[in-house]
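The chain contents come next:
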Amino acid sequence: MVGLVVVSHSATAAEGIVEVAAEMGGDTAIEAAGGDDGEMGTDADRISDALAAADDGDGVVVLVDLGSAVMNAEVAIEMHDGEAVIADAPVLEGAVNAAVAATDPKATLDSVIEQAEAAADIEKT
Amino acid sequence: MSGDAEAVVAAVEAVAERIERERDHLTDLDSAIGDADHGGNMAKGWAEAADAVAELDDPDAQTVVKTAGKTVLSEVGGASGPLYGGSLVFASQELEGGVTPESAVAFAETYLEKVKDRGDASVGDQTMVDALTPAVHTFKKSVETDELPPLEALAKAVAAAEAGVEYTVPIRASKGRASYLGWRSVGHQDPGATSTLYIMEELLETAADELDSEVPDVDTTSPTIPDAEAAEE
């Protein structure tokens, strides 16, 4: 099953986004990787651990917030043994879409990324 | 430990000491256009890196560089961890066969490409790329085309990095946190380009020490006159 990792500068935000996504995500493995050693920021080591925890062999879709979250996620992916891809998507909406998409028995890494990225088009008014 | 690995350990230690000495200066530069954490972050990261490489048991040069990079990546916050540390880890693969003028050029090119790619930055964005690009280009040409002795090639690369740092002052930031300042970033020296120059200066000093030589007096100009006909062949 495709797993998810949510990267945010805030540990609380990452956990909150995981909470929202998990509501819709059934058995999908969703890991929070927020904050940097208890402070605001992102941490490649923490993201690496989350990738390892979320990956059962089918790959991981990574949702990120801003700036260094993207860079640290890229570094963590380079060091990861399995397949992992950053979704070009808003972090919360993308996480919810991806969590739902991952529950499809025919889900693949590509199909989950596609659904995560479709979240960019969600209209709210 | 092989001679090149010993030299790289000495270089990491020299970089850590230099960054510690320049800590306040880097922080001052960063307070003007960023979030005033560059000096402290880098000093902490490189001090830890120096400790980490000192503890390695008979490493080769690649392992030393990779270990330093991993430590900087872990210890330095913000974008500097992936930019300085992550790029070192990635470029260390070029030193698999040890440090030679040729592998040093490959290392420098890979490092530059990684920094540009990771930061999505080009020359003229008021970032470390403005110091790295002239340095790497000058080093490659000095080694491969001019066939200068390695120490002279490195000295020319440092002179080029210095010119690059000066170039960051009168231009506008288009990447990194300073870019949020828009036109107000003009007139400020980029902290990342500056710390990159310090790192290169320490590589040069360490290389000169290891070779028992003085740092040669050079500038950025080339001793060879390009031969257009030869280049076309």
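Structure first, text after, so check above.
Values in this document were obtained by computation on a predicted structure and should not be read as measured data.

Novice: I'd like to hear about the overall build of chain B, residue by residue, with values.
Specialist: A count of helices and strands for chain B gives 9 helices and 0 strands. Its helices and strands in sequence order give chain B the pattern α-α-α-α-α-α-α-α-α, from N to C terminus. For a compact globule of 233 residues, the expected C-alpha radius of gyration is about 17 Å, and chain B comes in at 17 Å, within 12% of that figure. Expressed as lengths along the three principal axes of its C-alpha atoms, the size of chain B is roughly 50 × 45 × 30 Å. Split into buried and exposed, the 233 residues of chain B put 53% on the buried side. Sequence-distant contacts, at least 24 apart, represent 64% of the contacts inside chain B between residues at least 6 apart.

Novice: Would you mind going over the interface of chain B and chain A in detail, with residue names and values included?
Specialist: Listed as interface residues are 11 residues of chain B and, on the opposing side, 11 residues of chain A. Every element with two or more residues in the side of chain B that touches chain A is listed here: helix 3 (61-75) and helix 4 (80-91) of chain B. Top element by residues in the side of chain B that touches chain A is helix 4 of chain B. It accounts for 5 residues. Residue composition of the side of chain B that touches chain A, grouped by class: 5 nonpolar, 5 polar and 1 charged.

Novice: I'd like a description of unusual backbone geometry, backed by residues and values.
Specialist: Residue and element names in this part refer to chain B. Notably, glutamine 126 is not glycine yet its phi reads approximately 60 degrees, a positive angle. Turning to its location among the elements, glutamine 126 is positioned in the loop between helix 5 (101-119) and helix 6 (129-144). The buried category is assigned to glutamine 126, around which 28 C-beta atoms lie within 10 Å. Its identity is not glycine, yet glutamate 147 carries a phi of approximately 50 degrees, on the positive side. Looking at the secondary structure, you find glutamate 147 in the loop between helix 6 and helix 7 (150-168).

Novice: Now, about the packing of helix 6 of chain B against helix 7 of chain B: what can you tell me, with residues and values included?
Specialist: A pair of packed helices can be characterised by two numbers: the angle between their axes and the separation between those axes. Residues and elements named next belong to chain B. Contact geometry for helix 6 and helix 7: axes closest at 7 Å, N-to-C directions at 155 degrees. Regarding the angle of helix 6 to helix 7, the classification is roughly antiparallel. Considering the relative orientation of helix 6 and helix 7, their crossing is right-handed. For the contact of helix 6 with helix 7, the residue count by class is 15 nonpolar, 5 polar and 3 charged.

Novice: Before we move on, can you summarise the sheet that holds strand 4 (residues 84-86) of chain A with the specific residues and values?
Specialist: Residue and element names in this part refer to chain A. Pairing is parallel across the open sheet formed by 4 strands, whose spatial order is 2-1-3-4. Only two strands of the sheet have a single partner each, and these edge strands are strand 2 (30-34) and strand 4. Each adjacent strand pair in this sheet contributes to an overall mean axis angle of 20 degrees, direction not counted. Where strand 1 (residues 3-8) lies against strand 3 (residues 60-64), 5 bridges are found, and the strand directions are parallel. Its bridge partner lying in strand 3, valine 5 is registered against valine 62. Across the sheet, helix 2 (residues 44-54) is in contact with strand 1, strand 2, strand 3 and strand 4; its angle to strand 1 comes to roughly 160 degrees. Lying on the sheet, helix 5 (residues 109-118) is in contact with strand 3 and strand 4; it crosses strand 3 at an angle near 20 degrees.

Novice: Mind laying out helix 2 (residues 38-54) of chain B, listing which residues take part and the relevant values?
Specialist: Residues and elements named next belong to chain B. Compared with the 24 Å implied by 1.5 Å per residue over 17 residues, the 24 Å span of helix 2 between its first and last C-alpha is a close match. Along helix 2, the positions that sit buried rather than exposed are His38, Gly39, Asn41, Met42, Ala43, Gly45, Trp46, Ala49, Ala50 and Val53. Looking at the buried residues of helix 2, the elements they touch are helix 1 (3-33), helix 3, helix 4 and helix 8 (191-210).

Novice: With reference to specific residues and values, describe the environment of alanine 163 of chain B.
Specialist: Residue and element names in this part refer to chain B. Within the secondary structure, alanine 163 is located in helix 7. Classification of alanine 163 by C-beta neighbours within 10 Å gives partly exposed; the count is 17. Considering only alpha carbons, one finds alanine 163 and alanine 135, 28 residues apart in sequence, at a separation of 9.0 Å. Contact partners of alanine 163, with chain neighbours within four places excluded, come to Pro134 and Thr220.

Novice: A description of the pairing of strand 3 of chain A should follow, citing residues and the corresponding values.
Specialist: All names here are of chain A. For strand 3, the buried fraction is high: 5 of the 5 residues fall into the buried class. Where burial is concerned, the two faces of strand 3 agree: the one with Val60, Val62 and Val64 and the one with Val61 and Leu63 are both buried. The sheet contact formed by strand 3 and strand 4 spans 3 bridges and is parallel. Among the inter-strand pairings, valine 60 is bridged to a residue of strand 4, identified as alanine 84. Where the polypeptide runs from strand 3 across helix 3 (residues 68-79) and back to strand 4, its parallel neighbour, the crossover connection is right-handed.

Novice: Pulling in residues and values, what's your account of the packing of helix 5 of chain B against helix 6 of chain B?
Specialist: All names here are of chain B. Packing of helix 5 against helix 6 leaves a shortest axis separation of 10 Å and a crossing angle of 155 degrees. When the axes of helix 5 and helix 6 are compared, the pair comes out roughly antiparallel. Crossing hand, helix 5 versus helix 6: left-handed. On helix 6, the residues touching Pro101, Val105, Ala108, Glu109, Leu112, Val115 and Lys116 of helix 5 are Val129, Leu132, Thr133, Val136, Phe139, Lys140, Val143 and Glu144.

Novice: Explain the pairing of strand 1 of chain A residue by residue, including any values.
Specialist: Residues and elements named next belong to chain A. With respect to burial, strand 1 is a largely interior element, 6 of its 6 residues being buried. The alternating pattern of strand 1 places Gly3, Val5 and Val7 on one face and Leu4, Val6 and Ser8 on the opposite face, and all of these are buried. Both strand 1 and strand 2 contribute to a ladder of 5 bridges, which runs parallel. What sits directly across from leucine 4, in strand 2, is isoleucine 30.

What counts and how
Residues numbered from 1 in each chain as written. Chains lettered and ligands numbered in written order. Predicted model: local features only at pLDDT ≥ 70, side-chain atom pairs only at ≥ 80, totals over all residues. Helix = DSSP H or I, 4+ residues; strand = E, 2+ residues; numbered from the N terminus. Rg over C-alpha atoms; globule rule 2.2 N^0.38 Å. Buried ≥ 20, exposed ≤ 12 C-beta atoms within 10 Å, placed from the backbone. Contact = placed C-beta atoms within 7 Å. Nonpolar A, V, L, I, M, F, W, Y, C, P; charged D, E, K, R; others polar. Axes fitted to C-alpha atoms, helices over the stretch in contact; angles between N-to-C directions. Parallel < 35°, antiparallel > 145°, perpendicular 65-115°, else oblique. Left-handed = near helix turned anticlockwise from the far one by under 90°. Pairing = 2+ DSSP bridges. Expected span 1.5 Å × (residues − 1). Right-handed = clockwise from strand over helix to strand, strands pointing away.

Remember, this is a structural readout, not a statement about activity or role.
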